[in-house]
Amino acid sequence: MSSSSGGRVRRARPWRQRWAHVAVMASLPVGLLVVDELTPPDIRLGPLMVAAPPLAAAFCSPGGVLIVTAVMFPCVILSGRANGQLGTPNFPVQLATILLICLAALAASGVRQRRERQLARSRSAVEVLQHTLLRPPPTRIGPLDLACLYLTADEESSVGGDLYAATVARGRVRILLGDAQGKGLAALGTAGQVLGSFRRASRHHARVEDLVAEVEDDLREELRAAAAEAGPGAADDGFVTAVFLDLPADGGGPVRLANLGHPPPLLLDAGGVTALDPAVATPPLGLGDLAGPRPAADAFGLPPGATLLLYTDGVIEARNRAGEFYPLADRLRQWLALSPAALLEAVHGDLRHHVGARLADDVAMVAIRRTAPPGAAG
């Protein structure tokens, strides 16, 4: 599932599919009865009919199991008559056993359905939380067009550690895209910490280097506090690879980019696709206490009509069945003229086609395009 706003919408299973399961399960005893009528009396298929309600319990609601049971009982009786079992002393015992099995199937179906509803509510709550954290940026800020895409590898949980955010403050547009270590709720908690710190720091600092330093300090403090609460010996080594982008809101002046251990953004313009590698490698957020340079920002130009693509490693590390990585830069050369939204849709479809199955890692992408030079009309 995908979303341009970071959330994911799950639709209820269509009613046609639910009734199809009931029809298939109900057809099992009917089919066995037809075969039983056509075979000699020494071949008895009636006992196999009792498998229908337990099978229905795995796919159908309790109401569906009742329908399958209602179809099965006449089939069992007709099969017993065809095989000369109807008047035997053991036949009532068989019916009682079948009834007990059907009651157990009903109970199992009810328990399964209740747990599915509880799980659906939990997933919905997590999706709302994640959507709240990944607030969608506006699609246009001054001369800049923006689009974002978020996909989780785990189709069941809808929870991932990839993150993005955009703010407008102090005449600057700040964009963050990152990938928190780990999976599930733990990664989501780290992502939330970084996003909150980024939004606060964006309002306080004019320089992107100072913004990054504050986010780094906040994350380190949070990791130390979490390790202290966990008790002696707990590690405080979480980290987030991230790209911080700082653009003038009016489209004029250079663009500044701070890369902390993240795949380099790609610049798409008339000249092709260019990877914006950092001049000096910097460790990810949360590892700032390691020996190494303080966060630095590189400056570059974003010409009119050019698009900047930020992405997480789930894109370039996606493999096809032959084990080949997704060639993002090569594929982008055919989409240089697309708008940010169209570009992300093209990458999404092509990535799904390349993988041919579910993604192995979460994916987040943000595309930014400068549509007009400063002061240009319309």
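Here is a short report on the structure shown in this document. On a predicted model such as this, the values are computed, not experimentally measured, just so you know. (Residues numbered from 1 in each chain as written. Predicted model: local features only at pLDDT ≥ 70, side-chain atom pairs only at ≥ 80, totals over all residues. Heavy atoms only, no water.)

Assigned secondary structure in the chain consists of 9 helices and 11 strands. In the chain, which comprises 378 residues, the proportion classed as buried is 46%. Partitioning the contacts of the chain with sequence separation of at least 6, the portion at a separation of at least 24 is 70%. Counting only carbon and sulfur atoms, one obtains 61% of the accessible surface of the chain, whose full area is about 18,000 Å². (Helix = DSSP H or I, 4+ residues; strand = E, 2+ residues; numbered from the N terminus. Buried < 20%, exposed > 50% of the residue type's maximum accessible area, 1.4 Å probe, protein only. Contact = heavy atoms within 4.5 Å. Areas by Shrake-Rupley, 256 points an atom, 1.4 Å probe, with all protein chains shown as cover.)

Of note, Gly-189 is situated in helix α5 (residues 184-204). Under the relative-accessibility criterion, Gly-189 is labelled partly exposed at 46%. Along the primary structure Gly-189 and Gly-161 are separated by 28 residues, whereas in three dimensions their C-alpha atoms are 8.4 Å apart.

A word on the sheet that holds strand β1 (residues 140-141). The strand order β1-β2-β11-β10-β7-β8 describes an open sheet built from 6 strands, whose pairing is antiparallel. Bordering the open sheet on either side are β1 and β8 (272-275), each of which pairs with just one other strand. By the bridge criterion, 8 bridges tie strand β2 (residues 144-151) to strand β11 (residues 363-370) in an arrangement that is antiparallel. Note on β11: the bridge partner recorded for Cys-148 is Val-366. Helix α9 (residues 340-355) contacts β2, β7 (266-269), β10 (307-311) and β11 of the sheet and is inclined by roughly 25 degrees relative to β2. (Pairing = 2+ DSSP bridges. Axes fitted to C-alpha atoms, helices over the stretch in contact; angles between N-to-C directions.)

Within the secondary structure layout, His-205 lies in the loop between α5 and α6 (208-230). Polar contacts involving the side chain of His-205 include one to the side chain of Glu-214, which spans 2.4 Å. If near-sequence neighbours (up to four positions away) are discounted, His-205 is found in contact with Arg-170, Arg-174, Asp-210, Leu-211 and Glu-214. (Polar contact = N/O pair within 3.5 Å; in protein donor to acceptor, adjacent residues only side chain to side chain.)

Here the focus is a nonpolar patch on the surface. Together, Val-30, Val-34 and Leu-38 line one region of the surface with nonpolar side chains, adding up to about 290 Å² of accessible area. In this fold, Val-30 is placed in helix α1 (residues 15-38). (Patch = residues over 30% accessible without salt bridge, like charges linked within 9 Å, V, L, I, M, F, W, Y side chains within 5 Å. Salt bridge = Lys/Arg side-chain N within 4 Å of Asp/Glu carboxyl O.)

Mapped onto the fold, Gly-192 is located in helix α5. Spatially, the C-alpha atoms of Gly-192 and Gly-161 are 9.2 Å apart, while their sequence positions differ by 31 residues.

Interpretation in functional terms is not warranted from these geometric data alone.
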